[in-house]
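Residues per chain are reported as follows:
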Amino acid sequence: MFRTHTNGELSLKNLNEEVTLSGWVQTIRDKGFMIWIDLRDRYGITQLVFDQDRSSAALLEEAKKLGREFVIQVSGKVIERASKNPKIPTGEIEILVEKLTILNNSELPPFTIEDETDGGEELRMKYRYLDIRRNPVKEKLIFRHKIAQKVRNYLSDQGFIEVETPVLIKSTPEGARDFVVPSRMNPGQFYALPQSPQTFKQLLMVGGMDKYFQIVKCFRDEDLRADRQPEFTQIDCEMAFVEQEDVMNIFEGLTQNLLKDIAGQEFGKFPRMTFAEAMKKYGNDKPDIRFGMEFHELNDLVKGKDFKIFDEAELVVGINVEGCAEYTRKQIDELTDWIKRPQIGATGMVWIKYQADGIVTSSVNKFYNEEDLKKIAEEFGAKPGDLMLVLSGNENKVRAQLSALRMELGNRLGLRKGNEFAPLWVIDFPLLEWDEDTQRYHAMHHPFTSPKPEDIHLLENEAGKARANAYDLVINGNEIGGGSIRIFDKDLQAQMFSLLGFTPEEAEAQFGFLMNAFKYGAPPHGGLAFGFDRLVAVLDGNEVIRDYIAFPKNNSGRDVMIDAPASIANEQLDELALTININE
């Protein structure tokens, strides 16, 4: 056998045992008369020792041939270390090697394979198989596995059945762009890779499966960020004969279970916030409620004072940053430059300081006297030592800009701690949103989301006011999952397609299979999908999902390790009846 033990399990209780170990050479310390080697595998590190008094000359010479990342097998006796290492589980013992076999040589790695490495991100992604050997990456993948097992166990205990749905499906015009796959057997026609198993899980409810789940790969051809990948994983779920509360209770229970098992934190009922309240207080629909800095609207207090920027703004709104009145002009200018970046797009920022001596001053003293400023401070609930930051402009834009500033300050002030969790539900989303460019409605979630029962009557003449029977689970400013109660009535679904600009013929061509299924007794149903990559990252105190994916793409959607996407041979193009026309 290649090994009797792993490199993380031996201790003083194994003294004098004859053992066989295998793994990679992590470090070599050659003193000439004595050589120490750290042998690494997935489970840990064990120190090996060769010395001229206890090892043969041939064995010592063989050990001198070793290099970093050589794959070796050793046999020997477990002995007590003279210089113990309390930082590792095997730190009290070492192996006096009696036999050494080199299983495979290794070239010198392009970066050091240790917890603190000298390799940049792009280099490590190119050699991801080497990066996985490092503890920080390995432990994240093991953490992901543990979360997946806990999810499967919880949902199975709740009566859910795991069902696989197709990966080659039909392209639909709603949502993000599809990745498409040409069909050789059907020239000129294409499959699409699923953005979600949405319609299939609804069909499973029509089929009577009652409770379905799947940990499933999904695909979206969209611009990438640190928390997005072109292929990602969802915990996809659906339930029959349920209302909104039923679905939320099940998945609140799942999240509570994970937070208790993984983070050791217990939660009661999660707070709930309407979409309108979230936008008013925090400027986005996934607020981080671990800290304050709620928005305060100031139109009534600041307009009509001859300050043109405020007078002409649709909305003047600000946040109170507690204890930061001592910020220097340089610090405030740096924040102003930060929000002026193209990614944020603000044109400027007004500051108001409630100084420790009780005096309130600002960057607009020319237009507002101290009495005016004190009224503004009172609106903020500010106290001596606080700093108020105010933005103005178009309502939707300025809320988004102030939200970004709030989150940035939360990071800078250490208020967004990875080991603290603040889950909440955001509910009562708009059902539809109007797109000025296309001059039509788009579904806020997707075309199969039901309106709230009390709002169905609005679809006839005031569709923009209808609320969705939808819910998002948010943790620490990240949307972890979202779902809705679905439309199960074919006439209501047809009305929804019409509102979204589909002709009856287009709706039939795209979704006729679903409409036909609804003719055969579709039950009331609803569900939810967790972004699994993001859930794992947040539970581990991070937000960048790429670190928790074994072989991720970079920010350009490329796999730099295998060099994909790549061109294909002309013969393959001919088989698929495709021609490539790239404009130079």
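Values in this document were obtained by computation on a predicted structure and should not be read as measured data.

The rules behind these values
- Residues numbered from 1 in each chain as written.
- Predicted model: local features only at pLDDT ≥ 70, side-chain atom pairs only at ≥ 80, totals over all residues.
- Heavy atoms only, no water.
- Pairing = 2+ DSSP bridges.
- Helix = DSSP H or I, 4+ residues; strand = E, 2+ residues; numbered from the N terminus.
- UniProt positions renumbered as here; feature names shortened; annotations may be inferred.
- Buried < 20%, exposed > 50% of the residue type's maximum accessible area, 1.4 Å probe, protein only.
- Contact = heavy atoms within 4.5 Å.
- Expected span 1.5 Å × (residues − 1).
- Bend = angle between axes of the 7 residues up to and from the residue.
- Phe/Tyr/Trp six-rings, centres within 6.5 Å; stacked < 30°, edge-to-face > 60°.
- Lys NZ or Arg CZ within 6 Å of the ring centre and 35° of its normal.
- Salt bridge = Lys/Arg side-chain N within 4 Å of Asp/Glu carboxyl O.
- Disulfide = S-S within 2.5 Å.
- Core = buried A, V, L, I, M, F, W, Y, C linked by side-chain atoms within 4.5 Å.
- Arc of directions from axis to C-beta.
- Polar contact = N/O pair within 3.5 Å; in protein donor to acceptor, adjacent residues only side chain to side chain.
- Axes fitted to C-alpha atoms, helices over the stretch in contact; angles between N-to-C directions.

**What to know about the sheet that holds strand E14 (residues 350-354)**
In step 1: Ordered in space as E12-E13-E16-E14-E15, the 5 strands form an open sheet in which the pairing is antiparallel. In the strand order of this sheet, the two ends are held by strand E12 (296-297) and strand E15 (360-362), each with one partner.
In step 2: Pairing between strand E13 (residues 315-321) and strand E16 (residues 386-393): 7 bridges, direction antiparallel. From the neighbouring strand, Val321 faces E16, where its bridge partner is Leu387.

**Points about the UniProt feature "binding site: L-aspartate" (unreviewed entry) in the chain**
In step 1: In this structure's numbering, the residues bearing the UniProt feature "binding site: L-aspartate" (unreviewed entry) are Glu174, Arg220, His445 and Arg486.
In step 2: Positionally, Arg220 belongs in the loop between strand E9 (211-219) and strand E10 (231-240).
In step 3: By relative accessible area, which is 28% here, Arg220 ends up partly exposed.
In step 4: When residues no more than four places from it in sequence are discounted, the contact partners of Arg220 are Ala176, Arg177, Phe179, Gln195, Pro230, Phe232 and Gln234.

**Some details on helix H14 (residues 504-518)**
Each α-helix winds once per 3.6 residues, and so residues spaced three or four apart point in a common direction.
In step 1: Between its first and last C-alpha atoms H14 spans 16 Å; for 15 residues at 1.5 Å apiece the expected length is 21 Å, and the helix comes up short by more than 12%.
In step 2: The largest bend in H14 comes to about 90°, at Phe511.
In step 3: Along H14, the residues classified as buried are Ala507, Phe511, Gly512, Leu514, Met515, Ala517 and Phe518.
In step 4: Where H14 is buried, its residues meet helix H5 (198-206), helix H13 (490-499) and strand E22 (525-531).

**Comments concerning the environment of Pro89**
In step 1: Tracing the backbone shows Pro89 in the loop between strand E4 (71-80) and strand E5 (93-104).
In step 2: The exposure class assigned to Pro89 is exposed, which follows from its relative accessible area of 69%.
In step 3: Through-space distance from the C-alpha of Pro89 to that of Thr46 is 9.0 Å; in sequence the pair is 43 residues apart.
In step 4: Leave out the neighbours within four places in its chain, and Pro89 touches Gly8 and Leu10.

**Some thoughts on the environment of Arg341**
In step 1: Position of Arg341 relative to the elements: it lies in the loop between helix H10 (329-340) and E14.
In step 2: Expressed as a C-alpha distance, the spacing of Arg341 and Lys140, which sit 201 residues apart in the sequence, is 33 Å.

**Section: the packing of aromatic side chains**
Centre distance and the angle of the planes are the two values used to describe a pair of aromatic rings.
In step 1: Enumeration over the complete set of coordinates arrives at 16 aromatic pairs.
In step 2: Considering the side-chain rings of Tyr127 and Tyr129, the 6.2 Å spacing of their centres and the 75° angle between planes classify their relative orientation as edge-to-face.
In step 3: Under the relative-accessibility criterion, Tyr127 is labelled partly exposed at 24%.
In step 4: Owing to a relative accessible area of 44%, Tyr129 belongs among the partly exposed residues under this scheme.
In step 5: Ring centres of Trp434 and Tyr441 lie 5.0 Å apart, and the angle between their planes is 80°; this geometry places the pair in the edge-to-face category.
In step 6: The class of Trp434 is partly exposed, set by a relative accessible area of 43%.
In step 7: Joined through ring pairs, the aromatic side chains of Phe307, Phe310, Phe367 and Tyr368 make up one cluster.
In step 8: Geometry around Trp351 places Lys353 over its ring, the cationic atom sitting 5.2 Å from the centre.
In step 9: One cation-aromatic arrangement involves Arg406 over Phe291; the distance from NZ or CZ to the ring centre is 4.1 Å.

**A word on the pattern of salt bridges**
In step 1: Evaluated as defined, the whole model comprises 46 salt bridges.
In step 2: With a closest N to O distance of 3.3 Å, Lys65 and Glu62 form a salt bridge.
In step 3: When the shortest N-O distance is used, the salt bridge between Lys305 and Asp372 registers 3.4 Å. Of this pair, Lys305 sits in the loop between helix H8 (299-302) and helix H9 (308-311) while Asp372 is found in helix H11 (residues 370-380), placing the two residues 67 residues apart along the sequence.
In step 4: For Asp372, a relative accessible area of 12% translates into the label buried.
In step 5: Where salt bridges share partners, they join Asp428, Lys452, Glu454, Asp455 and Arg467 into one cluster.

**Digging into the state of the cysteines**
In step 1: All told, the structure shown has 0 disulfides when counted by the stated rule.
In step 2: Looking at Cys218, it has no disulfide partner, and the nearest cysteine sulfur is the one in Cys237, 12 Å off.

**Let's talk about the nonpolar core**
In step 1: Leu155, Ile235 and Phe251 are the most contacted members of the largest nonpolar core, which has 40 residues in total.
In step 2: Considering every element that reaches this core, the biggest residue donor is helix H6 (residues 244-263), with 7 residues.
In step 3: Look past the residues within four positions of Leu155 in its chain and what remains in contact with it is Phe160, Phe213, Ile235, Cys237 and Phe251.

**What about helix H7 (residues 275-282)?**
In step 1: Within the span of H7, buried status applies to Phe275, Ala278 and Tyr282. Along the long axis of H7, the arc covered by the buried residues comes to 70°, so they all point the same way.
In step 2: Against strand E11 (272-274), helix H12 (395-412) and strand E17 (423-427) lie the buried residues of H7.
In step 3: Downstream of H7 by one or two residues, Gly283 has phi in the positive range, about 80°.

**Observations regarding the side chain of Asp41**
In step 1: Summarising the element assignment, Asp41 is placed in strand E2 (residues 34-41).
In step 2: Here the side chain of Asp41 touches Asn7 through a polar contact of 3.0 Å, landing on its backbone nitrogen.
In step 3: Looking at Asp41, its side chain comes within polar contact range of the main-chain nitrogen of Tyr43, at 2.9 Å.
In step 4: Leave out the neighbours within four places in its chain, and Asp41 touches Arg3, Thr6, Asn7, Gly8, Ser22, Trp24 and Lys138.

**Considering the sheet that holds strand E3 (residues 44-51)**
In step 1: The sheet built from 5 strands closes into a barrel, its strands ordered E1-E2-E3-E5-E4 with mixed pairing. Adjacent strand axes in the sheet meet at a mean angle of 55°, parallel and antiparallel pairs treated alike.
In step 2: Note that E4 and E5 share 10 bridges and pair antiparallel. Note that in E5 the partner of Lys77 across the bridge is Leu96.
In step 3: Along the sheet, helix H1 (residues 57-64) contacts strand E1 (18-30), E2, E3 and E5; its crossing angle with E5, the most-contacted strand, is approximately 65°.

**A few points about unusual backbone geometry**
In step 1: Residue Ala564 is joined to Pro565 through a cis peptide bond whose omega torsion reads 5°.
In step 2: Take Pro565: it is sitting in the loop between helix H15 (532-539) and helix H16 (570-575).
In step 3: Residue Asp306 is not a glycine yet carries a positive backbone phi of 70°.
In step 4: Its location among the elements puts Asp306 in the loop between H8 and H9.

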